[in-house]
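Listed below, chain by chain, are the residues.
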Amino acid sequence: MFKISDFDWSIKSVAEDGTFSGHGSVFGNIDRVNDVVVRGAFSKSLAARTNPIPILWMHRKDEPIGVFTRAEEDDKGLYVEGVLLVDEVARAKEAYALMRAKAVTGLSIGYFIKNSWVDPVTGVNYLNELQVEEVSVVSFPANDEARIDTVKSLLAKGGVPTIRDMENVLRDLGFSKSQAVAVASHGHKGLRDADEASNLDLSALIAQVSSFKL
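Residues numbered from 1 in each chain as written. Predicted model: local features only at pLDDT ≥ 70, side-chain atom pairs only at ≥ 80, totals over all residues. Heavy atoms only, no water.

1. Comments concerning unusual backbone geometry
- Despite not being glycine, Met 58 shows a phi value in the positive range, around 55°.
- By secondary structure assignment, the location of Met 58 is in the loop between strand S4 (54–57) and strand S5 (60–73).
- A residue is classified by how much of its surface remains accessible, and Met 58, at 11% relative accessible area, is buried.
- A positive phi angle, near 65°, is found at His 59, a position not held by glycine.
- Examined against the element boundaries, His 59 turns out to sit in the loop between S4 and S5. (Helix = DSSP H or I, 4+ residues; strand = E, 2+ residues; numbered from the N terminus. Buried < 20%, exposed > 50% of the residue type's maximum accessible area, 1.4 Å probe, protein only.)

2. Description of the nonpolar core
- Counting residues in each nonpolar core, the largest one holds 31 residues, and the members touching the most others are Phe 20, Phe 42, Ile 65, Leu 84 and Val 137.
- Listed by contribution, the elements that provide at least two residues to this core are S4, S5, strand S6 (77–84), helix H2 (90–100), strand S7 (106–118) and strand S8 (125–138).
- The leading source of residues in this core is S8, at 6 residues.
- One finds Leu 170, Phe 175, Ala 180 and Val 183 within the second-largest nonpolar core, a separate group that totals 5 residues. (Core = buried A, V, L, I, M, F, W, Y, C linked by side-chain atoms within 4.5 Å.)

3. Quick notes on the pattern of salt bridges
- A complete count under the given rule lists 4 salt bridges for this structure.
- With a closest N to O distance of 2.6 Å, Glu 63 and Arg 91 form a salt bridge. Taken as a pair, Glu 63 in strand S5 and Arg 91 in helix H2 lie far apart in primary sequence, 28 residues in all.
- Overall, the relative accessible area of 17% leaves Glu 63 in the buried class.
- Across the pair Glu 81 and Arg 70 runs a salt bridge whose closest N-O atoms are separated by 3.1 Å. A residue pair is termed long-range when its members are at least 10 positions apart, and Glu 81 in strand S6 and Arg 70 in strand S5 qualify at 11 residues.
- The exposure class of Glu 81 is partly exposed, given its relative accessible area of 24%.
- A relative accessible area of 35% means that Arg 70 is categorised as partly exposed.
- Each of Glu 63, Arg 91 and Glu 94 takes part in a single network of salt bridges with overlapping partners. (Salt bridge = Lys/Arg side-chain N within 4 Å of Asp/Glu carboxyl O.)

4. Focus: the environment of Val 86
- Position of Val 86 among the secondary structure elements: in the loop between S6 and H2.
- Overall, the relative accessible area of 16% leaves Val 86 in the buried class.
- Not counting chain neighbours up to four residues away, the residues in contact with Val 86 comprise Asp 17, Gly 18, Ala 92, Lys 93 and Tyr 96. (Contact = heavy atoms within 4.5 Å.)

5. Focus: the side chain of Ser 136
- Mapped onto the elements, Ser 136 comes out in strand S8.
- Residue Ser 136 is classed as buried on the basis of its relative accessible area of 0%.
- Within the structure, Ser 136 has its side chain in polar contact with the side chain of Glu 134 (distance 2.7 Å).
- Contact partners of Ser 136, with chain neighbours within four places excluded, come to Leu 56, Met 58, His 59, Gly 106, Leu 107 and Ser 108. (Polar contact = N/O pair within 3.5 Å; in protein donor to acceptor, adjacent residues only side chain to side chain.)

6. A word on H2
- Where H2 is concerned, the buried positions are Ala 92, Ala 95, Tyr 96 and Met 99. Take H2 and look down its axis: the buried residues cluster within an arc of 105°, on one side only. Facing away from the buried side of H2 by more than 90 degrees, the exposed set consists of Ala 90 and Lys 93.
- As for H2, its buried residues are in contact with strand S2 (19–26), S4, S5, S6 and S8.
- Note on H2: the residue one or two positions beyond its end, Lys 102, has a positive phi of about 60°. (Arc of directions from axis to C-beta.)

Nothing here speaks to function; it is all geometry.
See below:
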């Protein structure tokens, strides 16, 4: 299961060349969905990783803005050092400006749970082994509108997510911005219109939507 977790992150410094550092995850804290990252949860996947962890903008898979040159566990959590590609990517330049101004001060990890257990008394889910796929620069206190789990929870409680909520969920699943807007706003008809306009693979998109289980 792919999940997203947000954390407070105090910017130590953002250099003129776009380099920065911070923690993408913190050990021992119970988050708002009752998860706790256990010390050592990242060690195995980090040791096995051969490519740098990408820096994304707000968990947008189609908006990478840099790479992490260092990722390791320390006493606090998952420590990362990265570089924003400010000279090559327009969004990275925007992120750099916002980070320097401290308008954006959050890091958030996207990961797969490899091993975990739930305390039957407290209901706390202890995450023992995680595979990090990306770390995103996000708004703080949280990028809740981009969380698939948040929309699932809302639906489970009988609520109705906004069109913007659904657009963001579809973006998290890999849809482009135009595809997400079409599906969220107009459903299948909007997607078909978008397909006719841009020759999208409609069957593949429908299959991907169908795989989103509630």
